[in-house]
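The primary structure of each chain is shown beneath.
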Amino acid sequence: MSIEIGSFNVDCDVLYEVIVTTKNSDMSYNSKPFGISFDSDGLVHMRLFENRTLLNIYDNGFVRIQFMGNIYTMTRALLGMLDDTDYMNNSATLCGASFVFDVDVVSVDGADI
């Protein structure tokens, strides 16, 4: 089964490797690769552990999902090597993202959101 998110079709119960961007308390961005999946209701599911991403979600709830085609950006995000030049116009959107959307955090249940 597939669902439409904006103008983008995704399959339900399939793991997608994306970059998840959250906002730090100093208003800079934290972007890390995560696996996400969608259910038939259009909810995003991701497994989080105690890390900066989870703390930022607790702090301000901002979550941006970014599908990337550039493995170099994914690797730099994994290694914590992204800087301001990687983001478009001082926004939370990474240069080269093929599809971007924000999510509203419905719940943080254990380490799942």
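Our structure is the block above this text.
Source: prediction; values computed, not measured.

Describing the nonpolar core
Core analysis: the biggest nonpolar cluster contains 19 residues, and Ile36, Phe38, Ile65, Phe67 and Phe101 have the highest contact counts within it. Those elements that place two or more of their residues in this core are strand S3 (16-23), strand S4 (29-38), strand S5 (44-46), helix H1 (52-60), strand S6 (63-68) and strand S7 (97-103). Apart from the residues within four sequence positions on either side, isoleucine 65 is in contact with Val18, Ile19, Val20, Ile36, Phe99, Val100, Phe101 and Val103. Core analysis: the next-biggest nonpolar cluster, separate from the first, contains seven residues, Met68, Met74, Ala77 and Leu82 among them.

Notes on H1
Inspection of H1 places Thr53, Leu54, Asn56 and Ile57 among the buried residues, and these make up the whole buried set. One face of H1 carries all of its buried residues, which in axial projection span an arc of 160°. In this structure, H1 carries Tyr58 and Asp59 as exposed residues pointing more than 90 degrees from its buried face. Its buried side turned inward, H1 meets S3, S4 and S6.

Observations concerning unusual backbone geometry
Positive phi outside glycine occurs at aspartate 13, with the angle close to 60°. Looking at the secondary structure, you find aspartate 13 in the loop between strand S2 (8-11) and S3. The residue asparagine 90 is not glycine, and still its phi comes out positive at about 55°. Relative to the assigned elements, asparagine 90 resides in the loop between helix H2 (71-78) and S7. For asparagine 90, a relative accessible area of 70% gives the class exposed.

With respect to a nonpolar patch on the surface
On the surface, Leu78, Leu79 and Met81 cluster together into a nonpolar patch covering about 330 Å² of accessible area. Along the chain, the position of methionine 81 falls in the loop between H2 and S7. Judged by its relative accessible area of 46%, methionine 81 is partly exposed.

With respect to H2
Since there are 3.6 residues in each turn of an α-helix, residues three or four apart along the chain are aligned in direction. For H2, the complete set of buried residues consists of Thr73, Met74, Arg76 and Ala77. Along H2, the residues classed as buried sweep out an arc of 165° about the axis, all on the same side. For H2, exposure combined with an orientation more than 90 degrees from the buried face picks out Ile71, Tyr72 and Leu78. Considering only its buried residues, H2 is in contact with S3, S4 and S6.

Rules behind the numbers
Residues numbered from 1 in each chain as written. Predicted model: local features only at pLDDT ≥ 70, side-chain atom pairs only at ≥ 80, totals over all residues. Heavy atoms only, no water. Core = buried A, V, L, I, M, F, W, Y, C linked by side-chain atoms within 4.5 Å. Buried < 20%, exposed > 50% of the residue type's maximum accessible area, 1.4 Å probe, protein only. Helix = DSSP H or I, 4+ residues; strand = E, 2+ residues; numbered from the N terminus. Contact = heavy atoms within 4.5 Å. Arc of directions from axis to C-beta. Patch = residues over 30% accessible without salt bridge, like charges linked within 9 Å, V, L, I, M, F, W, Y side chains within 5 Å. Areas by Shrake-Rupley, 256 points an atom, 1.4 Å probe, with all protein chains shown as cover. Salt bridge = Lys/Arg side-chain N within 4 Å of Asp/Glu carboxyl O.

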